[in-house]
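Each chain, written out:
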Amino acid sequence: MIELFHESIRPVNLPYTILFGISLFYWILYLVGVFGSDLLDFDFDGDLDGDGGDLDVDGGAEGGGSILGALMKFVYAAEVPVTVVASVLSTAMWAISILSNHYLSNTSVLIAGFLVIPIVVGGFVATKLVLMPFVPLLKKAFDESSDVVHVIGQLCVVSSLEVTEKHGQAEVPLQGSPLLLNVKTRDGVALTKGEEAVVIAKDDDGVYIVAPFSGSSNKAGTLEV
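Residues numbered from 1 in each chain as written. Predicted model: local features only at pLDDT ≥ 70, side-chain atom pairs only at ≥ 80, totals over all residues. Heavy atoms only, no water.

### Description of the environment of Asn106
- Summarising the element assignment, Asn106 is placed in the loop between helix 4 (82–103) and helix 5 (109–114).
- Remark: the alpha-carbon pair of Asn106 and Val12, spanning 94 residues in sequence, is separated by 7.9 Å.
- What Asn106 contacts, discounting residues up to four positions off in sequence, is Arg10, Val12, Asn101, Ile111, Ala112 and Leu115.
- A polar contact of 2.7 Å, which involves the side chain of Asn106, links it to the side chain of Asn101.
- Within the local environment of Asn106, its side chain forms a polar contact with the backbone nitrogen of Ser108, the two atoms lying 2.9 Å apart. (Helix = DSSP H or I, 4+ residues; strand = E, 2+ residues; numbered from the N terminus. Contact = heavy atoms within 4.5 Å. Polar contact = N/O pair within 3.5 Å; in protein donor to acceptor, adjacent residues only side chain to side chain.)

This is the structure in C-alpha cells:
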C-alpha cells in the first residue's frame, strides 16, 4: 500500500492520480448525501465539432460526427450517466499509468508525455470492457422513465448522516433491494440516520421532500404533511 501511494504521487503519475482522487471524492460526497441526483444526471449541451455533435444533459451523450461524440458512444455514455463513465475512465487511466511507468521504470516526465495517448486509448478500451456487462442494469437504474415505483406517500428511512433543507438520502423499503432517494426537508426540519419519514412531494430538481413520520418529532422546526 505504501509503495502504491509513492507510485501514485510520482510526477509521471500525478495527473492521473488527481483525476482518480476527484472521482473518488465525488462518490464519497454523493454516498453521504452531500450531492443530489441533479449532479449525477447532469446535462451538457454544446457543439462538439462545429457540425452539431451534442452531449445530452441527462447523463448521456449523443455525438454527431465528432471524435468526442464517437468516444462517448464507444464507452456507453449515451446509455449510462456521464459521471459513471468518467469515474471508470479516470480509474482505468490511473491504473494503466501506474503499471506502465512502474514496469518501464520510467521517471521521465518527457517519456510520460509520450505515454499520454496510449494511456488515454487504453483507458477508453478498459472502460468499455468494464461497463459492457453492466450497461442494461445501469441504464435501468438511472433511467427515470423506467421507474414505476410510486414513492409519494411511502415511508422511508434516512440513510445519510442527516437530511436537511439542502440535502440528504433515504431508502424506501421494497420487496427486493431498497430504493435509494435523494431527499430534503422543509421549514428547518432536520432528520438523522435511521429515522423514519414520509415522502410528501418531489421538487423540480427531482429531489423528494420528506416529513418526519412521528408527529411528536423533537427536531427543530415543524413540517406540515
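### Quick notes on the packing of helix 4 against helix 6 (residues 116–131)
- For the pair helix 4 and helix 6, the least separation of the axes is 8 Å and the interaxial angle reads 125°. Comparing the axis directions of helix 4 and helix 6 gives the class oblique. Crossing of helix 4 over helix 6 shows right-handed handedness. Residue-level inspection shows Val84, Val85, Val88, Leu89, Ala92, Met93, Ile96 and Ser97 of helix 4 in contact with helix 6, the latter providing Ile119, Val120, Gly122, Gly123, Phe124, Ala126, Thr127, Val130 and Leu131. (Axes fitted to C-alpha atoms, helices over the stretch in contact; angles between N-to-C directions. Parallel < 35°, antiparallel > 145°, perpendicular 65-115°, else oblique. Left-handed = near helix turned anticlockwise from the far one by under 90°.)

### Description of the pairing of strand 6 (residues 196–202)
- Pairing of strand 1 (residues 155–158) with strand 6, which is carried by three bridges, proceeds in the antiparallel orientation. If you follow Val157 over to strand 6, its bridge partner there is Glu196.
- Across five bridges, strand 6 lies against strand 7 (residues 208–212) in antiparallel orientation. When the sheet's bridge partners are listed, Val198 is paired in strand 7 with Ala211.
- Between the end of strand 6 and the start of strand 7, which pair antiparallel, lie five residues, with Gly206 showing a positive phi angle near 85°. (Pairing = 2+ DSSP bridges.)

### Here we look at the sheet that holds strand 6
- Spatial ordering of the closed barrel is given by 1-3-4-7-6, a layout of five strands whose pairing is mixed. When the angles between neighbouring strand axes are averaged without regard to direction, this sheet yields 55°.
- Here strand 3 (residues 169–172) pairs with strand 4 (residues 179–184) via four bridges, running antiparallel. Looking at the pairing, Glu171 lines up with Leu180 of strand 4.

### Digging into the pairing of strand 4
- Direction of pairing for strand 4 relative to strand 7: parallel, over a ladder of two bridges. Its bridge partner lying in strand 7, Val183 is registered against Tyr208.

### Here we look at the nonpolar core
- Of all hydrophobic cores here, the largest spans 20 residues; its most connected members are Val85 and Leu131.
- For this core, the elements supplying multiple residues, two or more each, are helix 4, helix 6 and helix 7 (135–142).
- If one sorts the elements of this core by residue count, helix 4 sits on top with eight residues.
- Non-local contacts of Val85, meaning those with residues more than four positions away in its chain, are made with Val75, Tyr76, Ala77, Val80, Thr127 and Leu131.
- In this structure, Val163, Ala170, Val172 and Ala197 belong to the second largest nonpolar core, which totals 14 residues. (Core = buried A, V, L, I, M, F, W, Y, C linked by side-chain atoms within 4.5 Å. Buried < 20%, exposed > 50% of the residue type's maximum accessible area, 1.4 Å probe, protein only.)

### Overview of the packing of aromatic side chains
- For the coordinates displayed, the defined rule picks out two aromatic pairs.
- Taking 5.1 Å as the distance between ring centres and 80° as the angle between the ring planes, the aromatic pair formed by Tyr26 and Trp27 counts as edge-to-face.
- Take Tyr26: its relative accessible area is 14%, and that puts it in the buried class.
- Taking NZ or CZ as reference, Lys128 lies 4.7 Å from the ring centre of Phe74, over its face. (Phe/Tyr/Trp six-rings, centres within 6.5 Å; stacked < 30°, edge-to-face > 60°. Lys NZ or Arg CZ within 6 Å of the ring centre and 35° of its normal.)

### Some details on helix 2 (residues 14–31)
- With 18 residues, helix 2 should cover 26 Å at 1.5 Å per step; its first-to-last C-alpha distance of 25 Å lies within 8% of that length.
- When helix 2 is considered as a whole, its buried residues turn out to be Tyr16, Thr17, Ser23, Tyr26, Leu29 and Tyr30.
- On its buried side, helix 2 packs onto helix 1 (2–8), helix 4, helix 6, strand 3 and strand 4. (Expected span 1.5 Å × (residues − 1).)

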